[in-house]
Amino acid sequence: MKTYLESSPMDNPKKTKKQRIESIDILRGFALIGILFANILWFSGYLDSTAELRDQQLNTSLADGVVLYLTRLLVHGKFYFIYSFLFGLGFYILYSRTKIQGRAFNLYFLKRQVILLIIGCVHAFFIWWGDILRYYALVGMVMLLIKDWSPARLLQLSVTLLFMPLILDLLHLFYGLSVELSFAPDFSKGQILTQYLNGQWFDANLIRVIMGLEGNLNTGRLLRILGMFVLGYYFGQMNFFSVTEANRTLQKRIMTFSLVVAFPAGLIKVGASYFDYGISESLKTAVMEFLYVVSVTGMALGYIAMVAYFAPGLQNSRPAIWLKTLGKVPLSNYLLQSVIGVLIFQVFDLFAKVPLTQAYALSAGIIVVQIYISSLWLKYRSQGPVEALWRKLASR
């Protein structure tokens, strides 16, 4: 099987290689925008606010309601799935490149993961509790155990992992089984909000770090992350981003599934936040979790297929250039989003005080700033600062 570093006999080798890499950069940039649109609900304090505060101050206009609805439908969950997919794809590219070079891989990869874990912990404890990198570092180590599996086995494992949270929800519902960390604080949303508003940011952030860990263990989010890692690795083995007729046919089928099946499932799932479907709690839990897997995974794959299908023909368009600029420094930009978000809403005392439409306007401004900073940086360096440090430390 050819890797991304080998050309297809159907294409110009230099052109094909460039298109594949740039398509992935575009996807990374696209994912970063979606992640910011999801995380801004946390940065701004909306998701830490009580229902009363939301109705009085944060979600008061039709525009606010529309923005929230579109975020739930088009953004929520989808982009951390894409980012997880990209980690698995990156693992494939790194492993393939290392094999071609004849270098040892396992120890090098473990060093990378340990360094990523440190970066993630610093990010979580001192900048923003919602960091995903520490989970990527720990869960990603499992990839070493399956790196030589066949594509068929990888696909089966991925599907199993993505549906496992449904089983966890049912076990919790019928048998009360859940993970309870003895050191996890028992704080209500109102208590955490009070800490934030009183300037006790570090205390509130630490509480959120611990509560987030407990929540991720109980919801099966780590299984979903691993499932998308494996799916990204599978798509890498299948050379999904190669420009071939077979791939374009597959990409169109995935986009069709996303539009015809996943999107309607998402409409039903999001509708549960606005309407009472009149079904029992146990049935509702099972149905909503199933719809979540279908809608989030299906729409995330639809976004991925859309980029893979259209990006080769749009490489030199201005939006594609902007996305590539973001995507070439993905780790640095991911961390920078948190830094800017915390500065805006904590340092300037805007936490839980900015309506949703204004929060998303600030998000657009953050993206513009990131594109500008990234373009300046890439004039002098080929990697982002955090990416370069990560690579340098892992290579020692």
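### Topic: the environment of I82
- If you trace the backbone, I82 turns up in helix 4 (residues 78-101).
- Distance from I82 to A31, taken between C-alpha atoms, is 6.3 Å for residues 51 residues apart in sequence.

### Considerations on the packing of helix 8 (residues 151-175) against helix 11 (residues 221-237)
- Packing of helix 8 against helix 11 leaves a shortest axis separation of 8 Å and a crossing angle of 160°. The angle between the axes of helix 8 and helix 11 places the two elements in the roughly antiparallel class. Our pair here, helix 8 against helix 11, has a crossing hand that is left-handed. Across the interface between the two elements, P151, L154, L155, L157, S158, L161, L162, M164, P165 and L168 from helix 8 touch L223, R224, L226, G227, M228, V230, L231, Y233, Y234 and Q237 from helix 11.
- Residue composition of the contact of helix 8 with helix 11, by class: 16 nonpolar, three polar and one charged.

### Some points on the nonpolar core
- I82 and F241 are the most contacted members of the largest nonpolar core, which totals 106 residues.
- With 14 residues, the single largest contributor to this core is helix 4.
- Discounting chain neighbours no more than four positions away, the residues touching I82 are L27, A31, A300, Y303 and I304.
- A265, A272, M288 and L291 belong to the second-largest nonpolar core, a separate cluster that totals five residues.

### Observations regarding the packing of aromatic side chains
- In total, this model carries 30 aromatic pairs according to the counting rule given.
- Ring centres of F85 and F235 lie 5.3 Å apart, and the angle between their planes is 75°; this geometry places the pair in the edge-to-face category. Here F85, found in helix 4, pairs with F235, found in helix 11; they are 150 residues apart in sequence, far enough to count as distant.
- For F85, a relative accessible area of 0% translates into the label buried.
- Residue F235 is classed as buried on the basis of its relative accessible area of 7%.
- For the ring pair F91 and Y233, a centre distance of 5.3 Å and an interplane angle of 75° mean the geometry is edge-to-face. Of this pair, F91 sits in helix 4 while Y233 sits in helix 11, and the two are 142 residues apart along the sequence.
- Of the residues examined, F91 reaches a relative accessible area of 2% and is grouped as buried.
- The positively charged end of R112 is found above the aromatic ring belonging to W390, 4.1 Å away from the centroid.

### A few points about the pattern of salt bridges
- A complete count under the given rule lists seven salt bridges for this structure.
- The partner of D148 in a salt bridge is K147, with the nearest N and O atoms 4.0 Å apart.

### Details of helix 15 (residues 330-347)
- Compared with the 26 Å implied by 1.5 Å per residue over 18 residues, the 25 Å span of helix 15 between its first and last C-alpha is a close match.
- Burial runs high along helix 15: 14 of the 18 residues are buried.
- Looking one or two places after helix 15, you find D349, whose phi comes out positive at around 55°.

Criteria and cut-off values
Residues numbered from 1 in each chain as written. Predicted model: local features only at pLDDT ≥ 70, side-chain atom pairs only at ≥ 80, totals over all residues. Heavy atoms only, no water. Helix = DSSP H or I, 4+ residues; strand = E, 2+ residues; numbered from the N terminus. Axes fitted to C-alpha atoms, helices over the stretch in contact; angles between N-to-C directions. Parallel < 35°, antiparallel > 145°, perpendicular 65-115°, else oblique. Left-handed = near helix turned anticlockwise from the far one by under 90°. Contact = heavy atoms within 4.5 Å. Nonpolar A, V, L, I, M, F, W, Y, C, P; charged D, E, K, R; others polar. Core = buried A, V, L, I, M, F, W, Y, C linked by side-chain atoms within 4.5 Å. Buried < 20%, exposed > 50% of the residue type's maximum accessible area, 1.4 Å probe, protein only. Phe/Tyr/Trp six-rings, centres within 6.5 Å; stacked < 30°, edge-to-face > 60°. Lys NZ or Arg CZ within 6 Å of the ring centre and 35° of its normal. Salt bridge = Lys/Arg side-chain N within 4 Å of Asp/Glu carboxyl O. Expected span 1.5 Å × (residues − 1).

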